[in-house]
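Here are the chains, one letter per residue:
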Amino acid sequence: MGSIGSVTQDKTLTDSPAYRTHPYKAFEVTVADHVAEVTLIGPSKGNAQGPDFWAESAPLFEAIDADPDVRAVVLSGSGKHFSFGLDLPAMMGDFGKVLAPDAKAGPRTEFHHTIKRMQRAIDAVADCRKPVVAAISGWCIGGAVDLISAADIRVASADAKFSVREVKVAIVADMGSLARLPLIIGEGHTRELALTGKDIDAARAEKIGLVSDVYDDKDATLAAARGIAAEIAANAPLVVQGVKDVLDHSRSARVDDSLRYVAAWNAAFLPSDDLTEAVTAVFEKRPPNFRGQ
(Lines give C-alpha, C1' and ligand atoms only; values in the text may rest on other atoms or scores of the structure.)
Protein backbone atom coordinates (compact mmCIF):
# COMPACT_ATOMS: atom_id res chain seq x y z
CA MET A 1 0.00 0.00 0.00
CA GLY A 2 1.07 3.61 -0.37
CA SER A 3 2.61 5.81 2.27
CA ILE A 4 0.58 8.01 4.61
CA GLY A 5 -1.35 10.47 2.53
CA SER A 6 -0.77 8.50 -0.68
CA VAL A 7 -3.32 8.98 -3.43
CA THR A 8 -4.59 7.01 -6.38
CA GLN A 9 -3.87 7.62 -10.04
CA ASP A 10 -4.99 11.10 -11.12
CA LYS A 11 -5.35 12.64 -7.65
CA THR A 12 -2.72 15.02 -6.34
CA LEU A 13 -1.74 15.41 -2.71
CA THR A 14 -3.63 18.69 -2.48
CA ASP A 15 -6.78 16.98 -3.78
CA SER A 16 -6.78 14.23 -1.16
CA PRO A 17 -9.03 14.53 1.90
CA ALA A 18 -7.38 15.94 5.01
CA TYR A 19 -7.80 12.76 7.06
CA ARG A 20 -5.16 11.01 4.93
CA THR A 21 -2.40 13.29 6.19
CA HIS A 22 -3.76 13.97 9.68
CA PRO A 23 -1.14 13.22 12.40
CA TYR A 24 -3.02 10.44 14.21
CA LYS A 25 -1.55 9.00 17.40
CA ALA A 26 -3.49 5.72 17.43
CA PHE A 27 -3.68 4.99 13.70
CA GLU A 28 -1.76 4.98 10.45
CA VAL A 29 -3.80 5.49 7.28
CA THR A 30 -2.93 4.76 3.66
CA VAL A 31 -5.15 4.84 0.58
CA ALA A 32 -4.46 3.18 -2.77
CA ASP A 33 -6.55 1.54 -5.46
CA HIS A 34 -9.82 2.46 -3.73
CA VAL A 35 -8.82 0.68 -0.50
CA ALA A 36 -8.06 2.45 2.78
CA GLU A 37 -5.69 0.60 5.07
CA VAL A 38 -6.06 1.51 8.73
CA THR A 39 -3.41 0.22 11.15
CA LEU A 40 -3.62 0.41 14.94
CA ILE A 41 -0.34 1.80 16.29
CA GLY A 42 -0.99 2.32 19.99
CA PRO A 43 0.73 4.38 21.30
CA SER A 44 0.22 2.02 24.26
CA LYS A 45 1.84 -1.44 24.34
CA GLY A 46 0.07 -3.99 22.15
CA ASN A 47 -1.95 -1.25 20.41
CA ALA A 48 -4.06 -0.97 23.56
CA GLN A 49 -7.04 1.38 23.28
CA GLY A 50 -6.16 4.48 25.25
CA PRO A 51 -7.55 8.03 25.05
CA ASP A 52 -6.12 8.59 21.55
CA PHE A 53 -7.95 5.58 20.12
CA TRP A 54 -11.29 6.62 21.60
CA ALA A 55 -10.87 10.22 20.40
CA GLU A 56 -9.63 9.45 16.87
CA SER A 57 -11.59 6.40 15.72
CA ALA A 58 -14.97 8.00 15.00
CA PRO A 59 -13.62 11.05 13.08
CA LEU A 60 -11.32 8.78 11.07
CA PHE A 61 -13.98 6.28 10.00
CA GLU A 62 -16.50 9.03 9.35
CA ALA A 63 -13.94 10.66 7.04
CA ILE A 64 -13.34 7.35 5.26
CA ASP A 65 -17.10 6.94 4.91
CA ALA A 66 -17.28 10.36 3.24
CA ASP A 67 -14.33 9.76 0.87
CA PRO A 68 -15.78 8.83 -2.55
CA ASP A 69 -12.44 7.35 -3.64
CA VAL A 70 -12.52 4.66 -0.93
CA ARG A 71 -14.59 1.55 -1.55
CA ALA A 72 -13.29 -0.85 1.13
CA VAL A 73 -11.16 -0.79 4.28
CA VAL A 74 -8.52 -3.13 5.72
CA LEU A 75 -8.10 -2.89 9.50
CA SER A 76 -5.05 -4.42 11.21
CA GLY A 77 -2.67 -3.97 14.12
CA SER A 78 0.98 -3.01 14.01
CA GLY A 79 3.56 -5.35 15.47
CA LYS A 80 2.80 -8.85 16.72
CA HIS A 81 -0.68 -8.19 18.12
CA PHE A 82 -3.95 -6.76 16.86
CA SER A 83 -4.78 -5.08 20.19
CA PHE A 84 -4.67 -5.77 23.92
CA GLY A 85 -8.01 -3.93 24.20
CA LEU A 86 -8.89 -1.20 26.69
CA ASP A 87 -5.85 0.48 28.23
CA LEU A 88 -7.34 0.48 31.71
CA PRO A 89 -4.56 2.43 33.48
CA ALA A 90 -4.58 5.13 30.78
CA MET A 91 -8.37 5.45 30.99
CA MET A 92 -8.58 5.82 34.76
CA GLY A 93 -8.89 9.59 34.35
CA ASP A 94 -12.29 8.96 32.74
CA PHE A 95 -13.30 6.45 35.41
CA GLY A 96 -12.00 8.26 38.51
CA LYS A 97 -14.98 10.46 39.39
CA VAL A 98 -17.58 7.71 39.09
CA LEU A 99 -15.48 5.41 41.29
CA ALA A 100 -15.35 7.93 44.14
CA PRO A 101 -17.21 6.76 47.27
CA ASP A 102 -19.68 9.66 47.11
CA ALA A 103 -20.36 9.48 43.34
CA LYS A 104 -24.03 10.28 42.73
CA ALA A 105 -26.05 11.62 39.80
CA GLY A 106 -23.50 14.16 38.52
CA PRO A 107 -20.50 11.85 38.07
CA ARG A 108 -22.72 8.99 36.92
CA THR A 109 -24.34 11.19 34.25
CA GLU A 110 -20.91 12.35 33.10
CA PHE A 111 -19.73 8.73 32.97
CA HIS A 112 -22.82 7.78 30.95
CA HIS A 113 -21.81 10.42 28.39
CA THR A 114 -18.27 8.98 28.40
CA ILE A 115 -19.58 5.50 27.61
CA LYS A 116 -21.72 6.84 24.78
CA ARG A 117 -18.75 8.75 23.36
CA MET A 118 -16.57 5.65 23.50
CA GLN A 119 -19.30 3.53 21.91
CA ARG A 120 -19.28 5.94 18.99
CA ALA A 121 -15.64 5.02 18.32
CA ILE A 122 -16.73 1.45 17.60
CA ASP A 123 -20.09 2.32 16.02
CA ALA A 124 -18.30 4.43 13.41
CA VAL A 125 -16.57 1.28 12.14
CA ALA A 126 -19.85 -0.61 11.92
CA ASP A 127 -21.64 2.38 10.36
CA CYS A 128 -18.95 3.06 7.74
CA ARG A 129 -20.59 2.45 4.36
CA LYS A 130 -17.30 1.11 3.01
CA PRO A 131 -16.99 -2.57 4.07
CA VAL A 132 -14.30 -3.19 6.68
CA VAL A 133 -12.10 -6.31 6.56
CA ALA A 134 -10.25 -7.00 9.84
CA ALA A 135 -6.92 -8.85 9.70
CA ILE A 136 -6.17 -10.22 13.17
CA SER A 137 -2.87 -11.57 14.45
CA GLY A 138 -1.69 -12.20 17.99
CA TRP A 139 -3.88 -11.06 20.86
CA CYS A 140 -7.34 -9.58 20.31
CA ILE A 141 -8.70 -8.84 23.78
CA GLY A 142 -11.74 -7.10 25.24
CA GLY A 143 -12.28 -3.82 23.43
CA ALA A 144 -10.44 -5.24 20.43
CA VAL A 145 -13.16 -7.89 20.12
CA ASP A 146 -15.69 -5.04 20.23
CA LEU A 147 -13.76 -3.50 17.34
CA ILE A 148 -13.58 -6.59 15.13
CA SER A 149 -17.24 -7.39 15.82
CA ALA A 150 -18.01 -4.06 14.13
CA ALA A 151 -16.11 -5.13 11.00
CA ASP A 152 -17.90 -6.81 8.10
CA ILE A 153 -15.39 -9.61 7.52
CA ARG A 154 -12.69 -11.04 9.81
CA VAL A 155 -9.67 -13.18 8.93
CA ALA A 156 -6.97 -14.32 11.32
CA SER A 157 -3.49 -15.78 11.50
CA ALA A 158 -2.87 -19.12 13.19
CA ASP A 159 -1.32 -17.41 16.22
CA ALA A 160 -4.39 -15.22 16.90
CA LYS A 161 -6.08 -15.44 20.29
CA PHE A 162 -9.40 -13.88 21.26
CA SER A 163 -10.91 -13.03 24.64
CA VAL A 164 -14.05 -11.18 25.73
CA ARG A 165 -12.17 -10.42 28.92
CA GLU A 166 -14.15 -7.57 30.50
CA VAL A 167 -15.69 -9.93 33.07
CA LYS A 168 -12.16 -10.59 34.36
CA VAL A 169 -11.84 -6.91 35.31
CA ALA A 170 -15.35 -6.56 36.79
CA ILE A 171 -16.83 -4.74 33.79
CA VAL A 172 -19.91 -5.59 31.73
CA ALA A 173 -18.66 -5.29 28.14
CA ASP A 174 -20.27 -2.10 26.88
CA MET A 175 -18.63 -1.26 23.55
CA GLY A 176 -20.63 -3.63 21.35
CA SER A 177 -19.48 -7.23 21.82
CA LEU A 178 -22.62 -8.24 23.72
CA ALA A 179 -24.75 -6.57 21.03
CA ARG A 180 -22.98 -7.79 17.89
CA LEU A 181 -21.36 -11.13 18.75
CA PRO A 182 -24.67 -13.04 19.09
CA LEU A 183 -25.43 -12.04 15.51
CA ILE A 184 -22.04 -13.36 14.39
CA ILE A 185 -21.38 -16.48 16.49
CA GLY A 186 -24.76 -17.10 18.15
CA GLU A 187 -26.05 -16.74 21.70
CA GLY A 188 -24.44 -19.87 23.12
CA HIS A 189 -20.87 -19.11 22.07
CA THR A 190 -21.28 -15.46 23.06
CA ARG A 191 -22.48 -16.37 26.54
CA GLU A 192 -19.61 -18.81 27.03
CA LEU A 193 -16.98 -16.26 26.02
CA ALA A 194 -18.54 -13.31 27.86
CA LEU A 195 -19.32 -15.14 31.10
CA THR A 196 -15.99 -16.98 31.42
CA GLY A 197 -13.63 -14.41 29.90
CA LYS A 198 -11.73 -17.41 28.49
CA ASP A 199 -9.20 -17.24 25.66
CA ILE A 200 -9.84 -19.04 22.38
CA ASP A 201 -7.43 -19.71 19.56
CA ALA A 202 -7.83 -19.07 15.86
CA ALA A 203 -9.03 -22.60 15.14
CA ARG A 204 -11.89 -22.25 17.64
CA ALA A 205 -12.65 -18.76 16.32
CA GLU A 206 -12.98 -20.15 12.81
CA LYS A 207 -15.11 -23.07 14.01
CA ILE A 208 -17.68 -20.80 15.69
CA GLY A 209 -17.70 -18.30 12.81
CA LEU A 210 -15.91 -15.41 14.49
CA VAL A 211 -13.41 -15.41 11.61
CA SER A 212 -13.97 -16.59 8.05
CA ASP A 213 -10.53 -18.10 7.43
CA VAL A 214 -7.21 -18.71 9.20
CA TYR A 215 -3.83 -18.22 7.54
CA ASP A 216 -0.30 -19.30 8.44
CA ASP A 217 1.06 -15.96 9.63
CA LYS A 218 0.45 -12.24 9.80
CA ASP A 219 1.76 -11.51 6.30
CA ALA A 220 -0.52 -14.12 4.75
CA THR A 221 -3.47 -12.84 6.76
CA LEU A 222 -2.89 -9.26 5.70
CA ALA A 223 -2.49 -10.35 2.07
CA ALA A 224 -5.79 -12.21 2.28
CA ALA A 225 -7.57 -9.19 3.80
CA ARG A 226 -6.17 -6.96 1.07
CA GLY A 227 -7.34 -9.45 -1.55
CA ILE A 228 -10.88 -9.48 -0.15
CA ALA A 229 -10.91 -5.67 0.00
CA ALA A 230 -9.71 -5.50 -3.62
CA GLU A 231 -12.50 -7.84 -4.71
CA ILE A 232 -15.04 -5.63 -2.93
CA ALA A 233 -13.53 -2.47 -4.43
CA ALA A 234 -13.84 -3.92 -7.95
CA ASN A 235 -17.63 -4.06 -7.64
CA ALA A 236 -20.13 -1.25 -8.22
CA PRO A 237 -19.53 0.95 -5.14
CA LEU A 238 -23.09 2.14 -4.58
CA VAL A 239 -24.40 -1.41 -4.90
CA VAL A 240 -21.80 -2.61 -2.36
CA GLN A 241 -22.97 0.09 0.01
CA GLY A 242 -26.56 -0.94 -0.63
CA VAL A 243 -25.80 -4.58 0.16
CA LYS A 244 -24.21 -3.55 3.46
CA ASP A 245 -27.11 -1.25 4.30
CA VAL A 246 -29.70 -3.97 3.68
CA LEU A 247 -27.72 -6.53 5.68
CA ASP A 248 -27.36 -4.09 8.58
CA HIS A 249 -31.01 -3.00 8.57
CA SER A 250 -32.51 -6.00 10.34
CA ARG A 251 -30.01 -5.90 13.21
CA SER A 252 -29.44 -2.16 13.67
CA ALA A 253 -32.36 -1.58 16.05
CA ARG A 254 -31.33 -4.54 18.23
CA VAL A 255 -27.72 -3.36 18.41
CA ASP A 256 -28.70 0.24 19.18
CA ASP A 257 -31.08 -0.87 21.93
CA SER A 258 -28.43 -3.09 23.52
CA LEU A 259 -25.84 -0.30 23.48
CA ARG A 260 -28.24 2.18 25.09
CA TYR A 261 -29.17 -0.33 27.79
CA VAL A 262 -25.60 -1.31 28.70
CA ALA A 263 -24.52 2.36 28.81
CA ALA A 264 -27.24 3.05 31.39
CA TRP A 265 -26.49 -0.19 33.26
CA ASN A 266 -22.79 0.56 33.61
CA ALA A 267 -23.39 4.19 34.57
CA ALA A 268 -25.50 2.86 37.44
CA PHE A 269 -23.70 -0.33 38.47
CA LEU A 270 -20.11 -0.34 37.19
CA PRO A 271 -18.66 1.42 40.29
CA SER A 272 -17.85 -1.36 42.75
CA ASP A 273 -15.23 -2.62 45.15
CA ASP A 274 -14.56 -5.39 42.66
CA LEU A 275 -13.70 -2.91 39.89
CA THR A 276 -11.37 -1.06 42.26
CA GLU A 277 -9.81 -4.41 43.14
CA ALA A 278 -9.43 -5.25 39.42
CA VAL A 279 -7.67 -1.95 38.71
CA THR A 280 -5.42 -2.39 41.75
CA ALA A 281 -4.58 -5.92 40.64
CA VAL A 282 -3.61 -4.66 37.18
CA PHE A 283 -1.19 -2.14 38.66
CA GLU A 284 0.19 -4.71 41.12
CA LYS A 285 0.39 -7.41 38.43
CA ARG A 286 -1.49 -10.05 40.42
CA PRO A 287 -4.79 -11.95 40.14
CA PRO A 288 -7.79 -10.01 41.52
CA ASN A 289 -9.69 -11.20 44.58
CA PHE A 290 -13.35 -10.45 43.86
CA ARG A 291 -15.89 -10.31 46.73
CA GLY A 292 -19.11 -9.35 44.94
CA GLN A 293 -19.26 -5.88 46.45
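Residues numbered from 1 in each chain as written. Predicted model: local features only at pLDDT ≥ 70, side-chain atom pairs only at ≥ 80, totals over all residues. Heavy atoms only, no water.

Taking an unreviewed UniProt entry as the reference, the protein is identified by name as Putative enoyl-CoA isomerase belonging to Gordonia sihwensis NBRC 108236. Entered under Function (unreviewed entry) in the UniProt record, the comment concerning the protein runs "Could possibly oxidize fatty acids using specific components." What UniProt states about the protein under its Pathway (unreviewed entry) heading is, verbatim, "Lipid metabolism; fatty acid beta-oxidation." (UniProt positions renumbered as here; feature names shortened; annotations may be inferred.)

**Student:** Any details on the nonpolar core? Residues and values, ideally.
**Tutor:** Of all hydrophobic cores here, the largest spans 64 residues; its most connected members are Phe-53, Leu-60, Phe-61, Ile-64, Phe-82, Ile-136 and Phe-162. By residue number, the principal contributor to this core is helix α3 (residues 105-127), which donates 8 residues. Apart from the residues within four sequence positions on either side, Ile-64 is in contact with Tyr-19, Ala-36, Val-38, Val-70, Val-73, Cys-128 and Lys-130. (Core = buried A, V, L, I, M, F, W, Y, C linked by side-chain atoms within 4.5 Å. Buried < 20%, exposed > 50% of the residue type's maximum accessible area, 1.4 Å probe, protein only. Helix = DSSP H or I, 4+ residues; strand = E, 2+ residues; numbered from the N terminus. Contact = heavy atoms within 4.5 Å.)

**Student:** Tell me about the sheet that holds strand β2 (residues 35-40), residues and numbers included.
**Tutor:** Read across the sheet, 6 strands follow the order β1-β2-β3-β4-β6-β9 without closing on themselves; strand pairing throughout is mixed. Each edge of the sheet is formed by a strand with only one pairing partner; in this case those strands are β1 (27-32) and β9 (213-215). Each adjacent strand pair in this sheet contributes to an overall mean axis angle of 20°, direction not counted. In this sheet, strand β6 (residues 153-157) lies alongside strand β4 (residues 132-136) in parallel orientation, the contact comprising 4 bridges. Each bridged residue has a counterpart across the sheet, and for Ala-134 the counterpart in β6 is Arg-154. (Pairing = 2+ DSSP bridges. Axes fitted to C-alpha atoms, helices over the stretch in contact; angles between N-to-C directions.)

**Student:** Describe the packing of helix α5 (residues 177-185) against helix α6 (residues 187-196), naming the residues involved and giving the relevant values.
**Tutor:** Each pair of packed helices gets described by two things: the angle between the helix axes and the distance between those axes. Two elements in contact, α5 and α6, have axes separated by 7 Å at closest approach and are oriented at 135°. Taken together, the axes of α5 and α6 are oblique relative to one another. Residues Leu-178, Leu-181, Pro-182 and Ile-185 of α5 lie in contact with α6, whose contacting residues are Glu-187, His-189, Thr-190, Leu-193 and Ala-194. Of the residues in the contact of α5 with α6, the class split is 6 nonpolar, 2 polar and 1 charged. (Parallel < 35°, antiparallel > 145°, perpendicular 65-115°, else oblique. Nonpolar A, V, L, I, M, F, W, Y, C, P; charged D, E, K, R; others polar.)

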